[in-house]
Amino acid sequence: MAVAFITHPDCLKHEMGAHHPERPERLSAIEDQLIASGLRDSLVHHQAPLATDEQLARVHPLDYVRAIRDAAPQRGTVHLDPDTAMNPYTLNAALRAAGAAVLAVDLVLSRKHDAAFCSVRPPGHHACRARPMGFCIFNNVAVAARHALEAHGLERVAVIDFDVHHGNGTEDIFEGDPRVMMASIFQHPFYPYSGTDNPAGNMFNVPLAAGSGGRELREAVQEVWLPALEEFRPEMVFFSAGFDAHAEDDMAMLRFVDADYAWVTAQVKAIADRHSGGRIVSTLEGGYALSALGRSAVQHLRVLAGVSA
Ligand SMILES: [Zn+2]
């Protein structure tokens, strides 16, 4: 069954300044590599809807959603934190990014697709319950996971986060929630300097030292993630798919290569095939070296689609 690829032109209009690394060209780089690889035509393309307040409110207090709506400028740029800003198009981009993840859940749970990838921005995993942070406004993967739990009645879902930064927002939202387990790797010590201080029992965090690469990723996945996932038996698996741990990405100092993204995707897909009916929803997080981002996203999508290189 073909993989759904969900995006929207609004996500290209959100800009945070001329030299900001989280820029519209990131999505174009993914599209370019999909075309170059020949994978684009084997995906089914969907336009992202706007998330509703009801969907956002499963994760964020409505006061927070209202404050974001009120902060949206008519012109120019307003800063929400030192590295997160809104232009006049950001609100719709953020609503599309969360809405894409909700549509992905609906498509996968209605069996129209086994898996779906949301090529969207702003990213989400630093967005806490009531705080924008680190380029993120709404926590897209958390909105999707809660939609699967509360609108579709699932009982157990797993969130897998391989972005180079700890998904502190996702942890803030799900710590102690017995219906959710989160497995992550991240560079440590590094922004946002969280994830290592006595995490909740449903958090399977593996901090990696600067310079770590594929070997350390394999140890983390085999020794920590896979046993936890086998025991938890998720009914659906979510990826916070950030590609900024790539060796070519100078945002951080991990040393993953393209093939590592295929490998980690395949390991998690095997769990989803065994326990979750193959149901996977993946949402884009970081990844700032454009060529490496595009190539790595293709590796991830190729495995999700079951298309060999
Ligand atoms: Zn990141």
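Preceding block: the structure.
A. Looking closely at the overall build of the protein chain. The helix and strand inventory of the protein chain stands at 9 helices and 10 strands. Computed over C-alpha atoms, the radius of gyration of the protein chain comes to 17 Å, within 12% of the 19 Å expected from 2.2 N^0.38 for 309 residues, which places it in the range of a compact globule. Along the three orthogonal principal directions, the C-alpha set of the protein chain runs to about 50 × 40 × 40 Å. Partitioning the contacts of the protein chain with sequence separation of at least 6, the portion at a separation of at least 24 is 75%. In the form shown here, the protein chain has an accessible surface area of approximately 11400 Å², with 50% of it arising from carbon and sulfur atoms.

B. Geometry of helix 3 (residues 62-71). Listed in full, the buried residues belonging to helix 3 are Tyr 64, Val 65 and Ile 68. Down the axis of helix 3, the buried side of the element spans an arc of 100°, and every buried residue falls inside it. Exposed and facing more than 90 degrees away from the buried side of helix 3 are Asp 63 and Asp 70. Buried positions along helix 3 lie against helix 2 (53-56), strand 3 (78-81), strand 4 (84-86) and helix 4 (90-109).

C. Molecular detail of the coordination of the zinc ion. Taken together, Asp 163 (OD), Asp 163 (OD), His 165 (ND1) and Asp 244 (OD) make up the protein donors of the zinc ion, found 2.0 to 2.8 Å from the metal. Around the zinc ion, the 4 donor atoms are arranged such that angles at the metal cover 52 to 153°; this shape is classified as irregular. Spacing between the donor residues of the zinc ion along the chain follows D-x1-H-x78-D. Note that His 165 is positioned in the loop between strand 6 (157-161) and helix 6 (168-174) and Asp 244 in the loop between strand 9 (236-241) and helix 8 (258-275), a separation of 79 residues in sequence. By relative accessible area, His 165 is classed as buried at 8%. Under the relative-accessibility criterion, Asp 244 is labelled buried at 0%.

D. Molecular detail of the packing of helix 8 against helix 9 (residues 290-305). Two numbers describe how helix 8 lies on helix 9: the axes approach to 8 Å, and their chain directions differ by 30°. Between helix 8 and helix 9, the angle is such that the two are roughly parallel. In this structure, helix 8 crosses over helix 9, and the sense of that crossing is right-handed. Counting all contacts with helix 8, which are made through Asp 258, Tyr 261, Ala 262, Thr 265, Ala 266 and Lys 269, the residues of helix 9 involved are Arg 295, Ser 296, Gln 299, His 300, Val 303 and Leu 304.

E. How the structure looks around the environment of His 152. Mapped onto the fold, His 152 is located in the loop between helix 5 (140-150) and strand 6. Leaving out residues up to four positions away in the same chain, His 152 has contacts with Val 105, Asp 106, Leu 109 and His 147. Polar contacts involving the side chain of His 152 include one to the side chain of Asp 106, which spans 2.6 Å.

F. View of the packing of aromatic side chains. Within this structure, the stated rule accounts for 8 aromatic pairs. What links up through ring pairs into an aromatic cluster is the set Phe 162, Phe 239, Phe 243, Phe 256 and Tyr 261. Positioned above the aromatic ring of Trp 263, the side-chain terminus of Arg 218 is 4.6 Å from the ring centre.

Cut-offs and rules
- Residues numbered from 1 in each chain as written.
- Predicted model: local features only at pLDDT ≥ 70, side-chain atom pairs only at ≥ 80, totals over all residues.
- Heavy atoms only, no water.
- Helix = DSSP H or I, 4+ residues; strand = E, 2+ residues; numbered from the N terminus.
- Rg over C-alpha atoms; globule rule 2.2 N^0.38 Å.
- Contact = heavy atoms within 4.5 Å.
- Areas by Shrake-Rupley, 256 points an atom, 1.4 Å probe, with all protein chains shown as cover.
- Buried < 20%, exposed > 50% of the residue type's maximum accessible area, 1.4 Å probe, protein only.
- Arc of directions from axis to C-beta.
- Donors = N, O, S within 2.8 Å, 3.2 Å for Na, K, Ca; no water.
- Tetrahedral: all angles 85-135°; square planar, octahedral: opposite > 155°, others 65-115°.
- Axes fitted to C-alpha atoms, helices over the stretch in contact; angles between N-to-C directions.
- Parallel < 35°, antiparallel > 145°, perpendicular 65-115°, else oblique.
- Left-handed = near helix turned anticlockwise from the far one by under 90°.
- Polar contact = N/O pair within 3.5 Å; in protein donor to acceptor, adjacent residues only side chain to side chain.
- Phe/Tyr/Trp six-rings, centres within 6.5 Å; stacked < 30°, edge-to-face > 60°.
- Lys NZ or Arg CZ within 6 Å of the ring centre and 35° of its normal.

Any link to function would need more than the numbers given here.
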